[in-house]
Amino acid sequence: MRTAGNGRNEIQRVRVIDSHTEGEPTRVVISGGPDLGSGTASDRLERFRQFHDGFRDAVINEPRGHRAMVGALLCEPHQERALTQVIFFNNVGWLGMCGHGTIGVATTLAWLGRIEPGSHRLETPVGDVKIVLRADGIVSVRNVASYRWGAAVAVQTRHHGTITGDVAWGGNWFFLVSEHRQRLELANLEALTALCHDVRSSLAAAGITGAAGAEIDHIELFGDPSRPDADSRNFVLCPGGEYDRSPCGTGTSAKMACLWADGKLAPGATWRQEGITGGLFTGSFELADGKVLPTISGRAWVTSEAELVLQADDPLRQGIRAP
Ligand code: PYC
């Protein structure tokens, strides 16, 4: 960490680049982050979790960030063939993978002149992903293998009756619901958020999980698209209680795994997922070992370059921790 000061008020400076991917913000830490030692991305994530949770709060939460922001910490890769390691984090914890965040990282590295159009490999705590940066700025992400874990799982919720959905992995755990009787519009944000919270807590109370007891911490609702070039529109509630402004890369991966399992989408066919703010991800997949290998494409735009300042005597040096 880069620090400077007079000892009484030591200053930590963290250089970040912010972008949004189809509406959803990513804050890439370029320098000033914690030293997480060496090893794989999951080794480093463990150290991040154990010893540097305050850094996560300082970078993401107010007053330097906001609840919807996703952070990306870049680390030296473990394998020679990889470009970088990336650990994604949010207002309450960590993400296994993040589709919109990966597009944000690629766009940020291109902005810095660190990558050229072409293909690059990134290491994440849940596996390697491949990115292809095109000359027009579109980034494709070949995500980790995705699969449906539970089909038509019914959960008795506290306030919304029985809700049925699929449990699927797309780099994070999702509960995907098509029958929800809600309008998928931002004007209906409060009701959508309340429903998703209810579903999430009801899944946990009922002991419905992903593989190995993993918590299902993303709830994804589907409805008809509003744009003519999309197949579907979604609303995704993220673990920290904020909604994804983008169509959610890992959620779109989970969706394609379910569509394939239902015989509704074939390898190589295109799925165009609209997000709740109107952005679009284009997806397709190949099959490998009975699992879906999704590719998601979208665009990010850099919104700011900044240096965060963390002063030792600032009572909010570590931000306002999410409740
Ligand atoms: O794009 O995968 C995604 C994502 C996960 C949480 C927010 N965005």
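Residues numbered from 1 in each chain as written. Predicted model: local features only at pLDDT ≥ 70, side-chain atom pairs only at ≥ 80, totals over all residues. Heavy atoms only, no water.

Any chance you could explain the pattern of salt bridges here in plain terms?
Pairs can form between side chains of opposite charge once their charged atoms are near each other. Under the counting rule described, the total for this entry stands at 20 salt bridges. With its nearest N and O atoms 3.1 Å apart, the salt bridge here joins arginine 148 to aspartate 262. Here the residue arginine 148 occupies a position in strand β10 (residues 147-156), and aspartate 262 occupies one in the loop between α5 (249-261) and β15 (271-274), the gap between them amounting to 114 residues. Relative accessible area serves as the criterion here: at 23%, arginine 148 is assigned to the partly exposed category. Close ionic contact of arginine 227 with aspartate 229 constitutes a salt bridge, the shortest N to O distance being 2.8 Å. Classification of aspartate 229 by relative accessible area gives partly exposed; the value is 30%. Linked through salt bridges whose partners overlap, the residues forming this network are Asp53, Arg56, Asp57 and Arg321. (Salt bridge = Lys/Arg side-chain N within 4 Å of Asp/Glu carboxyl O. Helix = DSSP H or I, 4+ residues; strand = E, 2+ residues; numbered from the N terminus. Buried < 20%, exposed > 50% of the residue type's maximum accessible area, 1.4 Å probe, protein only.)

So what exactly am I meant to see when it comes to the site of the ligand here?
Neighbouring residues of the ligand: Glu24, Cys98, Gly99, His100, His218, Cys238, Asp244, Cys248, Gly249 and Thr250. Residue aspartate 244 places a side-chain N or O atom 2.8 Å away from a nitrogen atom belonging to the ligand. Within the contact set of the ligand, an oxygen atom lies 2.7 Å away from a side-chain nitrogen or oxygen of threonine 250. Protein burial of the ligand: of its 240 Å² of free accessible surface, 99% is covered by the chains. If you list the elements that add at least two residues to the shell around the ligand, you get α3 (99-111) and α5. A per-class count over the shell around the ligand returns three nonpolar, five polar and two charged. (Near = heavy atom within 4 Å. Polar contact = N/O pair within 3.5 Å; in protein donor to acceptor, adjacent residues only side chain to side chain. Areas by Shrake-Rupley, 256 points an atom, 1.4 Å probe, with all protein chains shown as cover. Nonpolar A, V, L, I, M, F, W, Y, C, P; charged D, E, K, R; others polar.)

When you look at empty space enclosed by the protein in this model, what are you seeing that I'm missing?
Empty pockets left among the atoms are what a rolling probe the size of a water molecule brings to light. Counted by the stated rule, this structure contains one cavity of 30 Å³ or more. There is about 150 Å³ of room inside the largest cavity. What lines the largest cavity is a set of 22 residues, among which Glu24, Val70, Leu95, His218 and Cys238 lie closest to the centre. Secondary-structure elements contributing two or more residues to the lining of the largest cavity are α3 and α5. Classifying every residue of the lining of the largest cavity by side-chain character gives nine nonpolar, nine polar and four charged. (1 Å grid on protein atoms, 1.4 Å probe; cavity = no way out; pocket = protein on both sides within 12 Å on 5 of 7 lines; lining within 4 Å. Points joined across faces, edges and corners; volume = space filled by probe spheres on them.)

That's the geometry; what it means functionally is another story.
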